[in-house]
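Understanding the architecture of this molecule
In case you want the letters, here they are:
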Amino acid sequence: MVKVGDKIRIIYMDKEPQYEGKVGVVEFIDDAKQIHGTWGGCALIPEVDIYEVLHTCAICGKDYAGPGNNAEPLASGRCCDDCNRKVIAERIRRSKQWK
C-alpha cells in the first residue's frame, strides 16, 4: 500500500494519457482513498489507475521499482538489480578470504 512520502511512477491514468511516465511524491490520500501528489492536478484512483512505488538504490542512488536487494556489505539498505551484481561479487570475494 502506498503511503504519504512515497515516490511513485504513473504507468497508466484513466483518460489522462499525459500523466503516463510522470514521477512524483505522494502528498496526501483523501477519504475516498485517492492519491494526490506532486505529479500534477489529477489524483490517482488505485482501483482504476496503475502506478509503481519507486525506491532509491543505496549504492548508485538511482530509482528502481520492486523489492530490491540487500545491499550489504557494500551499503546499508536496499539496492537495485544492477548494483546487486557488485554486491554478489563482493560477497563471493569475501567468502574466499575465509577459506
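Everything here concerns the structure above.
The structure contained in this document is the topic of the report that follows.

How each quantity is defined
- Residues numbered from 1 in each chain as written.
- Predicted model: local features only at pLDDT ≥ 70, side-chain atom pairs only at ≥ 80, totals over all residues.
- Heavy atoms only, no water.
- Pairing = 2+ DSSP bridges.
- Helix = DSSP H or I, 4+ residues; strand = E, 2+ residues; numbered from the N terminus.
- Buried < 20%, exposed > 50% of the residue type's maximum accessible area, 1.4 Å probe, protein only.
- Polar contact = N/O pair within 3.5 Å; in protein donor to acceptor, adjacent residues only side chain to side chain.

A look at the pairing of strand 2 (residues 23–29)
As defined by bridge partners, strand 1 (residues 7–12) adjoins strand 2 across three bridges and the pair is classed as antiparallel. Opposite Ile8, over in strand 2, you have Gly24 as the bridge partner. Sheet topology places strand 2 next to strand 3 (residues 35–37); three bridges connect them, and they run antiparallel. Bridge assignment links Val26 to a residue of strand 3, and that residue is Gly37. Turn length for the strand 2-strand 3 hairpin, with the two strands adjacent in sequence and antiparallel, is five residues, and the turn residue Lys33 shows positive phi of about 70 degrees.

Here's the deal with the environment of Ala32
If you trace the backbone, Ala32 turns up in the loop between strand 2 and strand 3. For Ala32, a relative accessible area of 54% translates into the label exposed. Sequence-wise, Ala32 and Ile45 are 13 residues apart; in three dimensions their C-alpha atoms are separated by 8.8 Å.

Here we look at the environment of Asp49
Counting through the fold element by element, Asp49 comes out in the loop between strand 3 and strand 4 (50–56). Considered as a pair, Asp49 and Ile88 are 39 residues apart in the sequence and their alpha carbons are 36 Å apart. A polar atom in the side chain of Asp49 sits 2.8 Å from the backbone nitrogen of Asp14.

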